[in-house]
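Summary of the model geometry
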Protein chains: 2
Amino acid sequence: MTAVTRRERVEQKERAILEAAAEAFVESGYDGARMADIAKRAGVAEGTVYLYFKTKTDLMRAFVADFWGDLTQRAEQAVADKGETFEALDALAAMHLQNLIERFDVVELTQSGRVRRGDTPGNREFMKAYVAVFDRIWRRGMDRSELIETAVHWQARDIFFGSLEYAARTIRLHRDRTQASVVDNLIETLKKRYAVTTKEKPSTQKSERLLQRLEAAVTRLENTSNRA
Amino acid sequence: MTAVTRRERVEQKERAILEAAAEAFVESGYDGARMADIAKRAGVAEGTVYLYFKTKTDLMRAFVADFWGDLTQRAEQAVADKGETFEALDALAAMHLQNLIERFDVVELTQSGRVRRGDTPGNREFMKAYVAVFDRIWRRGMDRSELIETAVHWQARDIFFGSLEYAARTIRLHRDRTQASVVDNLIETLKKRYAVTTKEKPSTQKSERLLQRLEAAVTRLENTSNRA
DNA sequence: CATTATTTACAAGTCAAGCTCATTTTGCGA
DNA sequence: TCGCAAAATGAGCTTGACTTGTAAATAATG
């Protein structure tokens, strides 16, 4: 418990403050949270907090970064054992939606990332590593030709994350609407648009060959019957 | 300019304050905007602002409501003369994306709608009338059987608005990515998933039957001509 | 171990910004 | 012109993020 080295003690206190902040932010939102309260929860004077985090904004940034870091780990686990592209996407979507719904407060914090005009909020800066999980699946899918060649990576990604975020809001408002159906629908939609259909193409090719043969035959027959 | 009746004067002043607030919010964001500055811009004492709007939050709410009101009008116009479901959706999507990109600052304000824990921010409260435009198109599409019967209205809506919002962010970050392609892709995706394919399904069935018949005929003819 | 130096902690105090309220000004009917 | 209610004012009040001068704890030095 009680650490020995200086470094350990410092890190321990930093964690304590961060945890206190997390509680406060989740309970009261960014504006609602009071620095004084966070200090008290961490068992530290108000001034001390500022030795570890320059501003309140900084504190929230750290908190949000932590959050997305955790999510990324979980996402990677959820996806690890999934071989086929849409299986992996399904797992990722289910995970993502679940987290969005459970911890929507934090997600909203992420996006409302206090901007005082001028400094880049990095709304999505936090999400970069997280989004990379999707990117990896997608790229692998392209390599394996499980996705059509004309698929535009970033457009698919926006559909994926965008619709899930909106769905999360909807579900929070109407508890009767199920997560599973959202994920199923999304995956179905992506499949219809982006999946390579190994069955369809060949069959049309076959019928085209057939058509050519028929046309040739008919032409020939027409000629012979005309001549006759 | 100078109004006559008391009522008119009051309304005029309210508008002046609202306009001043709009400028300030767009320039500096919610936090950056100063009530003192808004008052000065509107040519009014700071206390006066509070006679018209109870709080700063209220002021922003009014501003954002106005904004979405305008958008709704424009959306309705854009969609008015579009007959077929996906044509209308295409027009709406193009309009929406355009506005998201142009006025993203306001959209972000909408979502960061200051929450002091407890009161519903009504993120989407503003958007209700706006979203109704989509709903109308969709419902009509169902009535006309241009959409498959199993389509889930709200899920489609979330895909529509969610992906457009994310796409808007992406496009703002990478100016080279085009709006048109996003809209095309979205509509294509929705079609593949939700459109009733009155031509395709029956036609392929029909053409297959036709093919079979032709093949049989040709085979027969070939045989007879061979025999001859 | 004593002393000095440095890092860490503290909490009283500053400052800025949203909001209030006692007072003044304005406009209208009698 | 007078009276009075509605409208406007701006000097404070309050709150909460941040600063800063001071004190405690820890490390370095002789």
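Basis of the calculations
- Residues numbered from 1 in each chain as written.
- Chains lettered and ligands numbered in written order.
- Predicted model: local features only at pLDDT ≥ 70, side-chain atom pairs only at ≥ 80, totals over all residues.
- Heavy atoms only, no water.
- Helix = DSSP H or I, 4+ residues; strand = E, 2+ residues; numbered from the N terminus.
- Buried < 20%, exposed > 50% of the residue type's maximum accessible area, 1.4 Å probe, protein only.
- Areas by Shrake-Rupley, 256 points an atom, 1.4 Å probe, with all protein chains shown as cover.
- Phe/Tyr/Trp six-rings, centres within 6.5 Å; stacked < 30°, edge-to-face > 60°.
- Lys NZ or Arg CZ within 6 Å of the ring centre and 35° of its normal.
- Near = heavy atom within 4 Å.
- Polar contact = N/O pair within 3.5 Å; in protein donor to acceptor, adjacent residues only side chain to side chain.
- Nonpolar A, V, L, I, M, F, W, Y, C, P; charged D, E, K, R; others polar.
- Axes fitted to C-alpha atoms, helices over the stretch in contact; angles between N-to-C directions.
- Parallel < 35°, antiparallel > 145°, perpendicular 65-115°, else oblique.
- Left-handed = near helix turned anticlockwise from the far one by under 90°.
- Contact = heavy atoms within 4.5 Å.
- Salt bridge = Lys/Arg side-chain N within 4 Å of Asp/Glu carboxyl O.

**Brief notes about the overall build of chain A**
- Helix and strand counts for chain A stand at 10 helices and 0 strands.
- When its helices and strands are written in sequence order, chain A yields α-α-α-α-α-α-α-α-α-α.
- In chain A, buried positions account for 43% of the 228 residues.
- As presented, chain A carries roughly 12600 Å² of accessible surface, and 50% of it is formed by carbon and sulfur atoms.

**Some details on the packing of aromatic side chains**
- This model, assessed by the stated rule, comprises 20 aromatic pairs over all chains.
- Taking the centre distance of 4.9 Å and the plane angle of 45° together, the rings of A:Phe134 and A:Phe160 count as tilted. Placement of A:Phe134 in helix H7 (residues 128-143) and of A:Phe160 in helix H8 (residues 153-173) is noted, with a sequence separation of 26 residues between them. Accessibility classification places A:Phe134 together with A:Phe160 in one group, the buried group.
- On the numbers, 5.1 Å between centres and 80° between planes, the contact of A:Phe160 with A:Phe161 is edge-to-face. With respect to class, A:Phe160 is no different from A:Phe161; both count as buried.
- Connected via pairs of aromatic rings, a cluster forms that spans A:Phe67, A:Trp68, A:Tyr130, A:Phe134, A:Trp138, A:Phe160, A:Phe161 and A:Tyr194.
- Positioned above the aromatic ring of A:Tyr166 is the side chain of A:Arg169, whose terminal nitrogen or guanidinium carbon lies 5.1 Å from the ring centre.
- Sitting over the face of the ring of B:Tyr30, B:Lys56 holds its NZ or CZ atom 4.6 Å from the ring centroid.

**Things to note about the protein's contact with DNA strand D**
- The environment of DNA strand D is made up of 18 residues, and the closest members are A:Arg34, B:Lys13, B:Ala45, B:Thr48 and B:Tyr52.
- Of what DNA strand D places within 4 Å of the protein, 77% of the atoms are sugar or phosphate.
- A distance of 2.5 Å separates a phosphate oxygen of DNA strand D from a polar side-chain atom of A:Arg34.
- A:Met35 is positioned with one of its backbone polar atoms (N or O) 3.1 Å from a phosphate oxygen of DNA strand D.
- Counting only elements with at least two residues in the surface near DNA strand D, the list comes to helix H1 (6-32) and helix H3 (46-52) of chain A together with helix H1 (6-32) and helix H3 (46-52) of chain B.
- Here the element with the most residues in the surface near DNA strand D is H3(B); it accounts for 4 residues.
- In the surface near DNA strand D, the residues fall into 8 nonpolar, 3 polar and 7 charged.

**Some details on the packing of H7(A) against H8(A)**
Residue and element names in this part refer to chain A.
- Their axes nearest at 11 Å, the elements H7 and H8 cross at an angle of 125°. Relative to H8, the element H7 lies oblique. Where H7 crosses over H8, the two elements pack in a sense that is right-handed. Of H8, the residues touching H7 (which contributes Tyr 130, Val 131, Phe 134, Asp 135, Trp 138 and Arg 139) are His 153, Ala 156, Arg 157, Phe 160 and Phe 161.
- A class-by-class count of the residues in the contact of H7 with H8 yields 7 nonpolar, 1 polar and 3 charged.

**Notes on the pattern of salt bridges**
All names here are of chain A.
- Tallied over the full model, the rule gives 20 salt bridges over all chains.
- Between Arg 41 and Glu 27 there is a salt bridge, with the nearest N and O atoms lying 3.0 Å from each other. Taken together, the positions of Arg 41 in helix H2 (residues 35-41) and Glu 27 in helix H1 put the pair 14 residues apart, joining distant regions of the chain.
- In this structure Arg 41 comes out as partly exposed when scored by relative accessible area, which is 32%.
- You can call Glu 27 partly exposed: its relative accessible area is 43%.
- Across the pair Glu 165 and Arg 169 runs a salt bridge whose closest N-O atoms are separated by 3.7 Å. Note that Glu 165 and Arg 169 are positioned in helix H8 at a spacing of 4 residues, about one turn of the helix. Per residue, the accessibility class of Glu 165 equals that of Arg 169, and both read buried.

**With respect to the packing of helix H5 (residues 85-102) of chain A against H8(A)**
All names here are of chain A.
- The contact between H5 and H8 brings their axes to 9 Å, and the two run at 40°. Overall, the two elements H5 and H8 adopt an arrangement that is oblique. The handedness of the crossing between H5 and H8 comes out as right-handed. Two secondary-structure elements touch here, H5 through Leu 89, Leu 92, Ala 93, His 96, Leu 97, Leu 100, Ile 101 and Glu 102 and H8 through Phe 160, Phe 161, Leu 164, Glu 165, Ala 167, Ala 168, Ile 171 and Arg 172.
- Here the residues of the contact of H5 with H8 are counted per class, giving 12 nonpolar, 1 polar and 3 charged.

**Let's talk about the protein's contact with DNA strand C**
- Among the 17 residues in the neighbourhood of DNA strand C, the closest are listed as A:Lys13, A:Thr48, A:Tyr52, B:Arg34 and B:Lys56.
- Taking all atoms of DNA strand C within 4 Å of the protein, the share assigned to sugar and phosphate is 80%.
- A:Lys13 is positioned with one of its side-chain polar atoms (N or O) 2.6 Å from a phosphate oxygen of DNA strand C.
- B:Arg34 places a polar side-chain atom, nitrogen or oxygen, 2.5 Å from a phosphate oxygen of DNA strand C.
- Those elements that place two or more of their residues in the surface near DNA strand C are H1 and H3 of chain A together with H3 of chain B.
- For the surface near DNA strand C, the leading source of residues is H3(A), giving 4 residues.

**Notes on unusual backbone geometry**
- Non-glycine residue A:Ser145 carries a positive phi angle of around 60°.
- Residue position: A:Ser145 is located in the loop between H7 and H8.

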